[in-house]
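Structural overview
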Amino acid sequence: MSNIPTSYNSNSGPHNTNLGPYQFNQIPPGQLPGSLKQDANSNNPVPQSGFNNQPNHYNQSANSSPAFNHSMMMPPSQPSLQSSPIRPPMKPLTNQNPIQNMQNIPSSSAHPHPMYNSNPSSYPPNQPPRQINDNAPPLIPSSQYQPLMNGPPPISKPSINQYPPSSVFGPPPTNMQPPVNPINQRPPLPMASASPLTSQANAPFSSSMTGPPRNSPLIPPMNAPMTGPNIVGPPLGPPRNNTVNGPPMPGPPLTTMPGHEQPKNQMSGPSSLPMMPMAQQIRPPSSQPMPQPPSMGYTAPPVNNMSGPQSLPTGPLPPMGQAMPGPPGARSNMQNRYPQMPPSNFQQQSMSQGMPPQGIPQGIAPQGIPQGMPPQGIPQGMPPQGIPQGMPPPGPQMQSQNRMPGLTQQMGQLSVTQQGFDQLWGHQMVDLMQCKHILSEYPEDPPEIRLGPQFADAPNCSPEIFRCTINRIPESNSLLQKSRLPLGILIHPFKDLNHLPVIQCTTIVRCRACRTYINPFVYFVDAKRWKCNLCYRVNDLPEEFQYDPVSKSYGDPTRRPEIKSATIEFIAPSEYMLRPPQPAVYLFLFDVSQIARESGYLRIVCDVLKSNLEQLPGDARTQIGFICYDAHIHYYLMSDDLTKPKEMTVLDIDEVFLPSPESLLVNLGEHREMVRELLALLPDRFAAPGAPASALGAALQAAYKLMAPTGGRITVFQTCLPNIGPGALQSREDPNARSSKDVQHLSPATDFYKRLALDCSGAQVAVDLFLLSSQYCDLATLSGMSKFSAGTVYHMPVFLGARAWQAAKLAALLARYLTRKIGFEAVMRVRCTRGISIHTFHGNFFVRSTDLLSLPNVSPDAGFGMQLAIDESLGDLQHACFQAALLYTSSKGERRIRVHTMAIPIANTLPDVLHAADQHCIVGLLSKMAVDRCVSASMAEAREALMTVAVDVLGAARLAHSLPAGPAAPALFAPRALRLLPLYLLALLKTKALRTGTSTRLDERVAAMCELKCLPLAQLLRLVYPDLYPIHTLAQYVQRDDDEQLPHPPRMQLTSERINLNGAYLLDDGETMMIYVCNAVSPAFLSEVFGVTAFSQLPDEAMSIPKLENDGNELLHAFIEKLNDDRPYPSNIVVFRDNSPTRSRFTERLIEDRVESAFSYYEFLQHIKTQVK
């Protein structure tokens, strides 16, 4: 058993008296190992005691999580509010026709069968809604909170170049998007006396930002020509504070605008602009003529001529109703910080009519403009300083803008000046009601984390591994509560990586106080001392650390791999282990009851095992064993004195014992042929009819006794409800209640399997469950064996081995399972910057102490989530850091430590927090919180809490920007960073795990919940909102990729109006690729791809695509292979005709359409708009 670090066993903080239904620290001592592992990161011995003697401060998320701040789960820090203070209880729209309430409901006439848009909307019941943060204070407009500078005011100093050091003192690169100031001191801008602006339709944006937002009033109409040259604006400067926790860097004195007094100790304008005279920062190129006042048109500047901030787009956007076309010609500048990500491609087409021109109107005195900007207007002929690229200088046409007809009130309080600076700071708002096609056509890069100048070039952890819901941490808990955003992190700690630095050294450098591993974000006081970036203690550097293993020389410690990579792996020295690393031990439990024999799964599993025995992870010590069970338990002995396997059957299942333990687990290398012989005999041995009984509980008890001395992995194959012996269950599902809104029996019927899992976890044994059921098996209870032992649940409903596609899916899944990397006897801890703490964990594990997760097995396909709390003010910090350390034993018997470190800047204003949200990460965390709420409370409360999230977040954004709201407001504005949140929340409500009103088997619902809890973020998002591609036009999107011609078709929104009669479409949810062929598709396409001459020749449902020797067929197969490259095993393929009886499997995934029991996307937005107050 591995040695646990001292810091892993620390118990800090008050005891939590609100433990859930299970007290983990009260397990009988007889069920736990006899001694505690010695501290893996210290040489100090620890007292001999069981790990369960320590108080458990947190509830296990699977049964008693305080997700959504449910009462009686965690003691609230503030009085609990039962409903959101920003709106009244949800009520149905009874005073108007639902059809009239839909302003721009898309027509479904493009589809051969009109769907979903005929029934009136069904609104939630009239009851006070629950919210995700019940203890949050009322929302207050952001204007009441004045941003303060960290430290004393700036001191006058000669101007220097403060651009990010791409070269140390050289000029800034023209195409690099510089980091945003992590302390965005933005004083509130006064509302100028401009007339209200016309309401404009909005369009989605990609992270590469190639065009201005369509809701910006700074965009002129497209029908007038653009005059004058493109003005090159400055890149956003880095933060001025250049120390870890000290005062800010000295800078030039601040000046005020004429007629306006500068507030003391506050910065003017966007803090991302350097505080130096503008004449030094921004100059038009000498070769350019003096800019002329623009006319009412707008011409996009060249894509690659962008030197301004990333938030300034450089091209037009598509009009309403048009999709975003193909990939762009350039990618973002994330390649130097993150691993290569899919390109953020979309090019925008043309803008809609009526957009007001860009610029700042004359006569308006914009407060908060940095030094050097003219306070009022810009005379003609003068170089317009301070205007970023793509913004033409103002001219006389701006005077006519305020007299434009058709002005509305939703933007009346925003001046052109404020809109311009919102765009400059990246605070764009999107009108969700008008932006019909909000989803970008190509995957977007994750939001980039921009740190201060000191760490601008430091390598941050890849967002595929470590991700936070907010990319600028609020400086206080009150600011977090005002934002209404959930604060948490998602981590994929054991992800398969191609380039992972591995270090073997005698001393692993760690902080003496908090045990943080040295990382790229520490501060080197000098060549021999470093300051911890989590607790700020100064530590000494060992002499060995000054040696660079690459150059094999002594020198600068920043050359070390630990400082150059945010993800690194150490080979742990001997003090990190108390016993020799355990061998790889695999035990397989096969259900051989009557239902199991009829399913035919055993032959498939045995064949896959035989073909993958050599690929099982392990070394010369690898062991393997097999147990079968029906009404009795069948053991298989493979000792040295036997020439073939010997079966021993134990009839007594109430008092389980092992007949010959030394012969049940055998060395795989020494008995490989005997194992092959056994796997060949088992399918025939249990081919005849058998007893209709399954003693799963007794078999698990026997497996635990067999594995406890060494640890390892138990793999269970179950096909029916265990009905005899220990852990016997009875059916609880009511088939008539599968579509009920009140879903019952989501919690376990007995704690037998949970208690067994805790025993296994203490013995470093994980239990994985393959449920190949043809009837109800009570997965809600059986899944406990995997939840608390860090195992995994795999569910294949209505399995029958005679179906070729199901057999192929099981074979592919099992082959991946058997051959993937595995870590044994692992523990993981996530450390946070002082002032931030973790209060809830989500995933499959056991919480051994306050923040130590016990993972008997760790898999590269497992993800975890953590909810964070801000306990102290972070206002004096530049950034917060998180570090996850995973200590595990590799299958080769090495003790290793994998460390991931992530740094995130601090925000001190509400707009900065909202516009730094990571909407994908938020959905990933909310899905895990909702699953726990379903188990601890009810399905109705979980669904209501998800809808409340959308209402609260958009309400916070309304207050932050002082926008109108309510039923009378024609617009529903959302920050650009959160524009997809309502869409994803609606999709989450329509998943199999959380949907109501649609017939759903209970086991399938619970299996979907298990996936939401444990899947990594990329797979989870694909499950929640599948990708839809047109495949009848693949040839139009072929691009060269790595010397290969591959199609890159755009994604389509999941609505029937995008389905054309003459098309064919592929819907990919990660598990299955569904191909939907419409009846008017071209006969040439049918012949080329499917080898048939007419639509009627297609089968109702096909499970494969034939391979033909033509371009169209090869192109489709290449596209499917490309989609399968980024997932653990290939997805199934199902082909439907649009008149097939099973076509509903495809149409029910069109999430944006209305179904009888759920909103359409537009109705969902209307419902949210009426609730936002």
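Everything below is about the structure shown above.
The notes below deal with the structure included here. Computed from a prediction, not measured in an experiment: that's the story for all the values here. (Residues numbered from 1 in each chain as written. Predicted model: local features only at pLDDT ≥ 70, side-chain atom pairs only at ≥ 80, totals over all residues. Heavy atoms only, no water.)

This part takes up the sheet that holds strand 8 (residues 538–540). As summarised here, the arrangement of the three strands in space is 6-7-8, forming an open sheet in which the pairing is antiparallel. Of all strands in the sheet, those bounded by a partner on one side alone are strand 6 (523–526) and strand 8. Within the sheet, the average angular offset between the axes of one strand and its neighbour, ignoring direction, is 35°. Taken together, the three bridges between strand 6 and strand 7 (residues 529–531) define a ladder with antiparallel strand orientation. Residue pairing in the sheet places Asp526 in a bridge with Arg529 of strand 7. (Pairing = 2+ DSSP bridges. Helix = DSSP H or I, 4+ residues; strand = E, 2+ residues; numbered from the N terminus. Axes fitted to C-alpha atoms, helices over the stretch in contact; angles between N-to-C directions.)

Glancing now at the side chain of Arg1143. Mapping Arg1143 onto the fold places it in the loop between strand 34 (1132–1137) and helix 24 (1144–1147). Here Arg1143 is buried and forms no salt bridge, its nearest opposite-charge partner Asp1138 lying at an N-O distance of 6.2 Å. Engagement of the side chain of Arg1143 in a polar contact is seen with the backbone oxygen of Asp1138, the distance being 2.7 Å. (Buried < 20%, exposed > 50% of the residue type's maximum accessible area, 1.4 Å probe, protein only. Lys, Arg positive; Asp, Glu negative; His and termini not counted. Salt bridge = Lys/Arg side-chain N within 4 Å of Asp/Glu carboxyl O. Polar contact = N/O pair within 3.5 Å; in protein donor to acceptor, adjacent residues only side chain to side chain.)

Along the polypeptide, Leu994 turns up in the loop between helix 19 (981–989) and helix 20 (1002–1014). Exposure remark for Leu994: the relative accessible area of 1% places this residue in the buried category. Excluding residues within four positions of it along the chain, Leu994 makes contact with Ala930, Cys934, Met939, Arg943, Leu946, Leu988, Leu989 and Arg1005. (Contact = heavy atoms within 4.5 Å.)

On to helix 12 (residues 752–762). For helix 12, the tally of buried residues reaches ten of eleven residues, placing the bulk of the element in the interior. When helix 12 is considered as a whole, its buried residues turn out to be Phe752, Tyr753, Lys754, Leu756, Ala757, Leu758, Asp759, Cys760, Ser761 and Gly762. Just downstream of helix 12 lies Gln764, where phi reads positive at about 60°.

Within strand 18 (residues 765–771), seven of the seven residues are buried, which leaves the element mostly enclosed by the surrounding structure. Residues Val765, Val767, Leu769 and Leu771 of strand 18 are buried on one face, and the alternating residues Ala766, Asp768 and Phe770, pointing to the opposite face, are buried as well. Here strand 17 (residues 712–718) pairs with strand 18 via seven bridges, running parallel. Looking across to strand 18, one finds that Phe717 is bridged to Phe770. Note on the crossover from strand 17 through helix 12 to strand 18: the handedness is right-handed. (Right-handed = clockwise from strand over helix to strand, strands pointing away.)

By themselves, these are just geometric observations and shouldn't be taken as functional.
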